[in-house]
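Chains, contacts and geometry: an overview
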Amino acid sequence: MSVIWDERLITRQRAADMCGTWQLAVDHPYLRCADCTGNILKLPAEGKIVDIDGLISATVRHMCMNHGYSLSGAQDG
Ligand SMILES: [Zn+2]
């Protein structure tokens, strides 16, 4: 899983800041949002590699689509 960031929409730093304290719940094989239990990501099989970029990207996407956050930060909260 490799993420291509479009820095015109959101920088990697802002994405990391945005979701750094967001809580996730492991519900194998899914990683769910601890707030609404929505799916963030389907976890790969045991022993496979995941990259943090993919987790950040999926979490930010979920926050925007399900919790009203904006990539620009205009309506956070
Ligand atoms: Zn959620």
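Definitions and cut-offs
Residues numbered from 1 in each chain as written. Predicted model: local features only at pLDDT ≥ 70, side-chain atom pairs only at ≥ 80, totals over all residues. Heavy atoms only, no water. Donors = N, O, S within 2.8 Å, 3.2 Å for Na, K, Ca; no water. Buried < 20%, exposed > 50% of the residue type's maximum accessible area, 1.4 Å probe, protein only. Helix = DSSP H or I, 4+ residues; strand = E, 2+ residues; numbered from the N terminus. Core = buried A, V, L, I, M, F, W, Y, C linked by side-chain atoms within 4.5 Å. Contact = heavy atoms within 4.5 Å. Pairing = 2+ DSSP bridges. Axes fitted to C-alpha atoms, helices over the stretch in contact; angles between N-to-C directions.

Quick look at the coordination of the zinc ion
The coordination sphere of the zinc ion contains the protein donors C33 (SG), C36 (SG), H62 (NE2) and H67 (NE2), at a distance range of 1.9 to 2.3 Å. In the primary sequence, the donor residues of the zinc ion line up as C-x2-C-x25-H-x4-H. Overall, H67 belongs to the buried group, its relative accessible area being 18%.

What about the environment of S70?
Considering the arrangement of structural elements, one finds S70 in the segment after α2 (52-67). Take S70: its relative accessible area is 11%, and that puts it in the buried class.

Brief notes about the nonpolar core
In this structure, W5, I10, A15, C19, I56 and V60 are the most contacted members of the largest nonpolar core, which totals 15 residues. Only α1 (12-19), β2 (30-33), β3 (39-42) and α2 provide two or more residues apiece to this core. Those residues in contact with I56 that lie beyond four places of it in its chain are W5, A15, A16 and C19.

Regarding the environment of D27
Mapped onto the secondary structure, D27 falls in strand β1 (residues 24-27). Of the residues examined, D27 reaches a relative accessible area of 36% and is grouped as partly exposed. Residues D27 and T59, spaced 32 residues apart in sequence, show a C-alpha to C-alpha distance of 15 Å.

Focus on unusual backbone geometry
For the peptide bond that leads from H28 to P29, omega is 10°, which places it in the cis range. Considering the arrangement of structural elements, one finds P29 in the loop between β1 and β2. Within the chain, T37 stands out as a residue other than glycine whose phi angle is a positive 60°. Exposure remark for T37: the relative accessible area of 54% places this residue in the exposed category.

Description of the sheet that holds β2
Here we have 3 strands laid out as an open sheet, ordered β1-β2-β3, and antiparallel in their pairing. Strand pairing shows two members of the sheet lacking a second neighbour, β1 and β3, which therefore form its edges. The sheet shows a mean angle of 25° between the axes of neighbouring strands, direction not considered. The pairing of β1 with β2 spans 4 bridges and is antiparallel. The residue bridging L24 from the neighbouring strand is C33, located in β2.

What is shown is where atoms sit, not what they do.
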